[in-house]
Amino acid sequence: MKYNLHGVRALYPRIDKPYHWDGMVNKSMPCAYTAEGAKYECSFSVTEDIAKDLVRNCVAEYKRVKQGNWPEYKPSSIAEVFREDEMQPNHFIVKAGKKTYGDPNTRVAQFMEDGSRAPDGFQLTTGSIVNALLLLKPWSMGGRGGVTLRLQAVKCLQLAEGGIQTDPWADGIVTSNVASLNSGAQSLASDAFFEDDFSM
């Protein structure tokens, strides 16, 4: 399932080239597309309404493709899926990425405001206002289930000058399973949170 984010703020984009976590320097560094763990990634600061709608769509897509042995996936709150943006009240941070799998054709497509392709070497900056196209990919493994957000394309609407390029929340743990739950993580609150959306 494809999902569009419109007019959101990009945070710590690493989509100009592949990156992977380098334990020697304790941060993500550029790498070859064939390197282990090579990926493109970017986070987005979104409003509470957008975050709730994205979680709603993740739940719906998981339910649509869920196989018989998959656990239930019912977040009880937005904060159970996305971290709150400490720099902007009532916003949440959505992290999306795309692994290269050793394929040079897995690059995230970048576009300028007029719809043209971004020039070679174009580097999106933190704080830029963008549209982003995500692919919602449900998964289940080891008794857990969730939805991976695969970043497909980014359109720069307003390029921010400079900006912080190092993620202050980086902890060395890189995961694309941004919307995951243990199979037993269910409650009455989870039903109440989405009762208007999944009452059938």
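All values reported here derive from a predicted model rather than from experimental measurement.

1. A word on the environment of Asp 22
Its location among the elements puts Asp 22 in strand S1 (residues 2-22). The class for Asp 22 is partly exposed, based on a relative accessible area of 23%. Note: C-alpha distance between Asp 22 and Gly 37 (15 residues apart in sequence) is 9.9 Å. Residue contacts for Asp 22: discarding those within four places in its chain leaves Lys 27 and Met 29.

2. Regarding the pairing of S1
As a general feature of sheets, a regular strand has side chains that alternate between the two faces. Bridging between S1 and strand S7 (residues 129-141) involves six bridges; their strand directions are antiparallel. Along S7, the bridge assignment pairs Val 8 with Val 130. Bridge analysis of S1 against strand S2 (residues 27-30) gives four bridges, and the strand direction is antiparallel. Bridge pairing in S2 places Asp 22 opposite Lys 27.

3. Focus: the side chain of Asp 85
By secondary structure assignment, the location of Asp 85 is in the loop between strand S4 (83-84) and strand S5 (91-99). You can call Asp 85 buried: its relative accessible area is 6%. Engagement of the side chain of Asp 85 in a polar contact is seen with the side chain of Arg 9, the distance being 3.2 Å. If we skip the residues at most four places from it in the chain, Asp 85 touches Arg 9, Ser 45, His 91, Phe 92 and Ile 93.

4. Some remarks on the side chain of Thr 100
Assignment of secondary structure puts Thr 100 in the loop between S5 and strand S6 (109-111). Accessibility expressed as a relative area gives 1% for Thr 100, which makes it buried. Not counting residues up to four positions away in its chain, the partners in contact with Thr 100 are Pro 18, Tyr 33, Ala 38, Lys 39, Tyr 40 and Thr 106.

5. So, the nonpolar core
Ranked by size, the top nonpolar core spans 36 residues in total, and within it Phe 44, Leu 54, Phe 82, Leu 149 and Leu 151 carry the most contacts. If you list the elements that add at least two residues to this core, you get S1, strand S3 (39-47), helix H1 (48-65), S5, S7 and strand S8 (144-158). With six residues, H1 is the single largest residue contributor to this core. Apart from residues no more than four positions distant in its own chain, Leu 54 is found in contact with Tyr 3, Phe 82, Val 94, Leu 134, Leu 136 and Leu 149.

6. So, the packing of aromatic side chains
Using the criterion set out here, one finds two aromatic pairs in the structure. With centroids separated by 5.4 Å and ring planes inclined at 45°, the aromatic side chains of Tyr 62 and Trp 70 adopt a geometry described as tilted. Its relative accessible area of 2% is what places Tyr 62 among the buried residues. Note on Trp 70: relative accessible area 14%, which makes it buried.

7. A word on unusual backbone geometry
Even without being glycine, Tyr 12 reaches a positive phi, approximately 50°. By secondary structure assignment, the location of Tyr 12 is in strand S1. Within the chain, Tyr 101 stands out as a residue other than glycine whose phi angle is a positive 50°. When you line up the elements, Tyr 101 lands in the loop between S5 and S6.

8. Digging into the confidence of the model for the protein chain
Atom-level detail of predicted coordinates should not be read off regions where pLDDT is low. Confidence in the prediction of the protein chain, expressed as mean pLDDT, is 84, and 80% of residues score 70 or more. For the stretch residues 163-200, pLDDT sits under 50, and the model shows 77 contacts to residues farther than four places along the chain or on other chains.

9. What about the environment of Ile 93?
Structurally, the position occupied by Ile 93 is in strand S5. On a C-alpha basis, the gap between Ile 93 and Ala 51 in space is 8.4 Å, while along the polypeptide they are 42 residues apart.

10. Details of H1
An α-helix turns once every 3.6 residues. As a result, residues three or four positions apart point the same way. Spanning 18 residues, H1 covers 26 Å between terminal C-alpha atoms, matching the ideal 26 Å at 1.5 Å per step. Among all positions in H1, only Ala 51, Leu 54, Val 55, Asn 57, Cys 58, Val 59, Glu 61 and Tyr 62 are buried. Where H1 is buried, its residues touch S1, S3, S5, S7 and S8.

The rules behind each value
- Residues numbered from 1 in each chain as written.
- Predicted model: local features only at pLDDT ≥ 70, side-chain atom pairs only at ≥ 80, totals over all residues.
- Heavy atoms only, no water.
- Helix = DSSP H or I, 4+ residues; strand = E, 2+ residues; numbered from the N terminus.
- Buried < 20%, exposed > 50% of the residue type's maximum accessible area, 1.4 Å probe, protein only.
- Contact = heavy atoms within 4.5 Å.
- Pairing = 2+ DSSP bridges.
- Polar contact = N/O pair within 3.5 Å; in protein donor to acceptor, adjacent residues only side chain to side chain.
- Core = buried A, V, L, I, M, F, W, Y, C linked by side-chain atoms within 4.5 Å.
- Phe/Tyr/Trp six-rings, centres within 6.5 Å; stacked < 30°, edge-to-face > 60°.
- pLDDT = per-residue confidence, 0-100.
- Expected span 1.5 Å × (residues − 1).

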